[in-house]
Amino acid sequence: MARHAQHAPTVMDSPGSWEQVATREVSKALLYFPPWLIGVLLFGLGFVFHVTLRSDDPQVVAWTTALITGCVIGLTGLTWHQSHARSPVGRLHTTLTTLAGGLWVCAATINGPTSTVTGRLILVGGVTMALSFNIRTVIRTKQIDVAGAVTDPLGFLFGRGATAAGMHAVEARTTRASAHKVEGAVQLEAGRQTADDLTKKLPYVESGIGLPPGSITTSVDPDDASKARVVISDPRVMKNPIPWPGPSAPGSSIADPIRLGLWQDLDEVAYVITGHHLQVMGKTGAGKSIGGAWNFLAEAVTRDDVAVFAIDITKGEQTLGPLKPALHRLETTKQGARQLLGEMQSKVKERTDQLAAKGLQKWVKGCGLTYWILWLEEFPDIFDALSDKEQEQFLSLVKAIRSAGGTVVLSLQRSDYTQMPTLARGQLAKMCFGVDSAADASFGLSEQQDDAGCRPELWSNKQPGMAYLDAPSIPDERITMPMRTYAWGLDANGAFDDERANAALRAHAAAFPAAYKKVDPGTATLSRLDASALTSPAPLPALDAPELPSDEDADDEEVRNVAAEYLATDDPDPDVQADLDDEIPDIDEGEPPMTFAAPDRKMTAEERGAALMECLQEMWDEGARAFSSGDLKSLWETTDISRAWIQDRLKRLVSAGILGGYDDEAQRYLMPTRPEI
């Protein structure tokens, strides 16, 4: 028996589909019905008022007519006020319609709705008014009235894009517009949408409007969860370098904003660097040094109450050397880096005590202490150069220096756990330049920037100086907006020139030499100024030579006891007495009074590696599947293996796949299988 070919039902074959079509068409027709319904209601209202006022008492007619007239004027004013978001033509049309309808009701109340004058007015005028509203509905539905719509540019642009992105209930209103941006407030569908939902839809909204990627930035309205703040600007204006305009406020305090560049909407970036620490991250060539370090420090050295200390043991003076005359100290060796960090850490308590004596919990402008900026270029190399104890001291410095009046800036290429201590990373604001990938971006962006879909990997190093900045002094609406730092040494064609840039920075540093700046005694002790680098060193005040006492006037006993004034420790052996003039006897070579133990044997690299693997295998055999570096404490306490060496080898074991990785959140190394080499 032959099978009959089955007919595949189409959408239009189902009864439900025909009902949907009918409903949609009826809905469209109903858009044109309200003006005619209002005309009928006005006629009925005039008829009712006329019938109820059939009285010979002229006073009743007079006060009723006056009352109706007052109501008409009130409704007309309300219509004008409420239609402020409409185009001028639409606002005038709606207001005049309200006025005309009210005056007709007043006339119909007196003369009747079917009299010669009022009857023809409602017939001719009413039909004209209804048709005029129908024409406006057709134009608005077909999106013909573009000129009227863009009276509110944000409402027009954002409304179209949000509808295309599936957010039909979104309404936008312009709060401020300029030549470079449009700011506004967006009303979301209450109870169903939040600002986060809008943020996730931004690429689709931009697509629906036809804007370049990154044109729209959003932020949460702090007063209403059903609203959001938006800014529309053109990201293409940031494609070309922006020349450095000079210092923004020389001679002012470091507590005042510094100017780093321009936001995408071409407003200046005003950033207060005090009171927190900062991470500057970006790939090679993305501008984190020349765009970040140069702009930060060029502004900072012009302020009167700050001293800049810098370390770069990787590139030496290549990056920060041009700024050297304006820096209070620049260290380019491992030993110098250790000394500076150690000296700085030792003075933190002294500074907090001084602030406490003034009744202050933190550094404030005018407190008498010079603010410290510690700039660490290529930070991972600096941290690796520190011993275990020095690393602990550095982390202590990061935690304590903020309230003592200092900011630490750590500049690096990738802030993962192998390059940045987790404890330090949690204390840092974020500035992220171009990176290689989204994975790299996650280490350079704050959580809020990451959630908002910021994508510095789109710049890579093709647009040097482009960055995102999330710090305490940056407004919420700016956190997700791209910026571009100023460029130094642009040639006549607006292109970057390395020699011009270095020359410009050297000239700037020479104009603000650190040696001319007045600092507190503690800061002066830390400073190591290169006087030879100054173009015009400050003249030293003339000093009269002090009179030296003659031998005859000197008191021998006072000279002998001068050391006693500085003796700070107890005498270790009070039974041994000697005078300055006593002879020191020679030690009998045959019977030395003391012997020295031979130095402990140093382990070879192979022995150290074997000891580490044995320890890891023992932990795995005992059931451990994750561990921290602190679990290996016995190695650096009982052998000559240092903690820094162990941490370095653990990173290598992760890279080689012998360990399963590192859990950033738990701060533990993963060991899913028994470590074997």
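Treat the numbers as computed from the prediction; the structure is a model and nothing was measured.

1. Some words on the environment of lysine 362
At step 1: Relative to the helices and strands, lysine 362 is located in the loop between α11 (348-357) and β11 (371-376).
At step 2: Between the C-alpha atom of lysine 362 and that of serine 403, which follows or precedes it by 41 residues, the distance is 4.4 Å.
At step 3: For lysine 362, the contacting residues outside a window of four places in its chain are Leu355 and Ser403.

2. Regarding the sheet that holds strand β1 (residues 171-177)
At step 1: The sheet built from four strands is open, its strands ordered β1-β2-β4-β3 with antiparallel pairing. If you trace the sheet from one side to the other, it starts and ends with β1 and β3 (216-220), each paired once. Going across the sheet, the axis of each strand differs from the next one's by a mean of 25°, ignoring polarity.
At step 2: In this sheet, strand β4 (residues 227-233) lies alongside β3 in antiparallel orientation, the contact comprising five bridges. When the sheet's bridge partners are listed, valine 220 is paired in β4 with alanine 228.
At step 3: Across the sheet, helix α8 (residues 195-209) lies against β2 (181-187), β3 and β4, angled at about 165° from β3, the strand it touches most.

3. With respect to the pattern of salt bridges
At step 1: Here the structure, examined in full by the defined rule, presents 27 salt bridges.
At step 2: The partner of aspartate 267 in a salt bridge is arginine 478, with the nearest N and O atoms 2.7 Å apart. Of this pair, aspartate 267 sits in the loop between β6 (258-263) and β7 (268-271) while arginine 478 sits in helix α17 (residues 476-479), and the two are 211 residues apart along the sequence.
At step 3: Judged by its relative accessible area of 13%, arginine 478 is buried.
At step 4: Its salt-bridge partner being arginine 649, residue aspartate 648 comes within 2.6 Å of it at the nearest N-O pair.

4. Here we look at the side chain of arginine 351
At step 1: As for its position among the elements, arginine 351 is in helix α11.
At step 2: For arginine 351, a relative accessible area of 3% gives the class buried.
At step 3: At 3.0 Å, the side chain of arginine 351 and the backbone oxygen of alanine 404 are in polar contact.

5. Focus: the nonpolar core
At step 1: With 63 residues, the main nonpolar core has Tyr271 and Leu469 as its most contacted residues.
At step 2: By residue number, the principal contributor to this core is helix α9 (residues 288-300), which donates six residues.
At step 3: Counting residues in hydrophobic clusters, the runner-up holds 30 residues, among them Val348, Trp372, Ala404 and Leu412.

6. Some details on the packing of helix α10 (residues 334-346) against helix α13 (residues 388-405)
At step 1: For the pair α10 and α13, the least separation of the axes is 9 Å and the interaxial angle reads 50°. With respect to each other, α10 and α13 are oriented oblique. The crossing of α10 and α13 is left-handed. Taking contact as the criterion, the partners of Arg338, Leu341, Met344 and Gln345 in α10 are, on α13, Glu390, Gln393, Phe394, Ser396, Leu397 and Ile401.
At step 2: Class assignment for the residues of the contact of α10 with α13 results in five nonpolar, three polar and two charged.

7. Overview of the packing of aromatic side chains
At step 1: One pass over the structure, following the stated rule, counts 14 aromatic pairs.
At step 2: Seen in terms of ring centroids, tyrosine 662 and tyrosine 669 are 4.8 Å apart; in terms of plane orientation they differ by 70°. Their pairing is edge-to-face.
At step 3: Residue tyrosine 669 is classed as buried on the basis of its relative accessible area, which comes to 6%.
At step 4: Each residue in the set Tyr417, Phe627, Tyr662 and Tyr669 is aromatic and connected to the rest through ring pairs, giving one cluster.
At step 5: Above the ring of tyrosine 204, the side-chain terminus of lysine 201 is found at 5.6 Å from the ring centroid.

The rules behind the values
Residues numbered from 1 in each chain as written. Predicted model: local features only at pLDDT ≥ 70, side-chain atom pairs only at ≥ 80, totals over all residues. Heavy atoms only, no water. Helix = DSSP H or I, 4+ residues; strand = E, 2+ residues; numbered from the N terminus. Contact = heavy atoms within 4.5 Å. Pairing = 2+ DSSP bridges. Axes fitted to C-alpha atoms, helices over the stretch in contact; angles between N-to-C directions. Salt bridge = Lys/Arg side-chain N within 4 Å of Asp/Glu carboxyl O. Buried < 20%, exposed > 50% of the residue type's maximum accessible area, 1.4 Å probe, protein only. Polar contact = N/O pair within 3.5 Å; in protein donor to acceptor, adjacent residues only side chain to side chain. Core = buried A, V, L, I, M, F, W, Y, C linked by side-chain atoms within 4.5 Å. Parallel < 35°, antiparallel > 145°, perpendicular 65-115°, else oblique. Left-handed = near helix turned anticlockwise from the far one by under 90°. Nonpolar A, V, L, I, M, F, W, Y, C, P; charged D, E, K, R; others polar. Phe/Tyr/Trp six-rings, centres within 6.5 Å; stacked < 30°, edge-to-face > 60°. Lys NZ or Arg CZ within 6 Å of the ring centre and 35° of its normal.

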